[in-house]
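Listed below are the residues making up each chain.
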Amino acid sequence: MDLSFRQFESTVYWGVSLEGVTLTGSTFKNCTFVKVCFRDAYIPEASFENCLMLGCEFTGAMMQKDCLLDTAFLGQAKVEDVLMENCSGCKASLLEVRFLRAQLKGCDLTAAVLRDSRFERCILHTVNLRGADMRRTKFSYCEFFHIEDEEVLFYGKKPWCPTTW
């Protein structure tokens, strides 16, 4: 299904399957997504402004070319085998999100809240984490390259090696 370049505002999606859907350039403003499946969705240049997303699944989704999650709230989501390239999540709240084998390349997560999230077998390349709140975030078997991490708030030591940024 192709829902490219559409605009959605103040809409509630509950238990909907958007599996394999194309959302190129679509705009979602003040929408609520509860247990929505975005499996294998193609989501470049889409915008989720002030959206609430709870328990959603993004397995195999491609979020490329300036996909905007700025100010979005993503809670208890599953982000597995996802490519996020040049995405922006400035001031986004990503709470209890499980990233598994995800690739984040050129993403901007300035001042984002990533509390209680898990990154497993992920690659983070040229990711801006300046001012991010990463308390109780766990990293397992991840690779880090060129991370911008000024004023990151987290407990314990940085999970990435100082020689890679």
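This report concerns the structure included in the present document.

Thresholds, definitions, all that
- Residues numbered from 1 in each chain as written.
- Predicted model: local features only at pLDDT ≥ 70, side-chain atom pairs only at ≥ 80, totals over all residues.
- Heavy atoms only, no water.
- Salt bridge = Lys/Arg side-chain N within 4 Å of Asp/Glu carboxyl O.
- Helix = DSSP H or I, 4+ residues; strand = E, 2+ residues; numbered from the N terminus.
- Buried < 20%, exposed > 50% of the residue type's maximum accessible area, 1.4 Å probe, protein only.
- Phe/Tyr/Trp six-rings, centres within 6.5 Å; stacked < 30°, edge-to-face > 60°.
- Core = buried A, V, L, I, M, F, W, Y, C linked by side-chain atoms within 4.5 Å.
- Contact = heavy atoms within 4.5 Å.
- Polar contact = N/O pair within 3.5 Å; in protein donor to acceptor, adjacent residues only side chain to side chain.

Under the defined criterion, the tally for this structure stands at 10 salt bridges. The partner of E80 in a salt bridge is K78, with the nearest N and O atoms 3.4 Å apart. In this structure, the salt-bridge partner of D81 is R101, at a minimum N-O distance of 2.8 Å. Of the two residues, D81 sits in the loop between strand 9 (78–80) and strand 10 (83–85) while R101 sits in the loop between strand 12 (98–100) and strand 13 (103–105), which places them 20 residues apart along the sequence. The exposure class of D81 is partly exposed, given its relative accessible area of 37%.

Now for the packing of aromatic side chains. Within this structure, the stated rule accounts for 13 aromatic pairs. A centroid spacing of 4.8 Å and a plane angle of 10 degrees characterise the contact between F8 and F28, whose relative ring orientation is stacked. Placement of F8 in strand 1 (residues 7–9) and of F28 in strand 3 (residues 27–29) is noted, with a sequence separation of 20 residues between them. On the numbers, 5.7 Å between centres and 55 degrees between planes, the contact of F33 with F38 is tilted. With relative accessibility at 0%, the residue F33 sits in the buried group. Taken together, the ring pairs in this structure connect F8, Y13, F28, F33, F38, F48 and F58 into an aromatic cluster.

Moving on: the nonpolar core. A general feature of soluble globular proteins is that nonpolar side chains tend to end up buried together. Of all hydrophobic cores here, the largest spans 49 residues; its most connected members are F33, F38, I43, F48 and F58. Beyond its immediate sequence surroundings of up to four residues, F58 is in contact with F38, M53, M63, L74, K78, V79, E80 and V82.

Next up on the list: the side chain of S26. Note on placement: S26 falls in the loop between strand 2 (12–14) and strand 3. Judged by relative accessible area, S26 falls into the buried class, the value being 0%. In terms of polar contacts, S26 uses its side chain to reach the backbone amide nitrogen of R6, at 3.3 Å.

Honestly, it's all geometry; don't read function into it.
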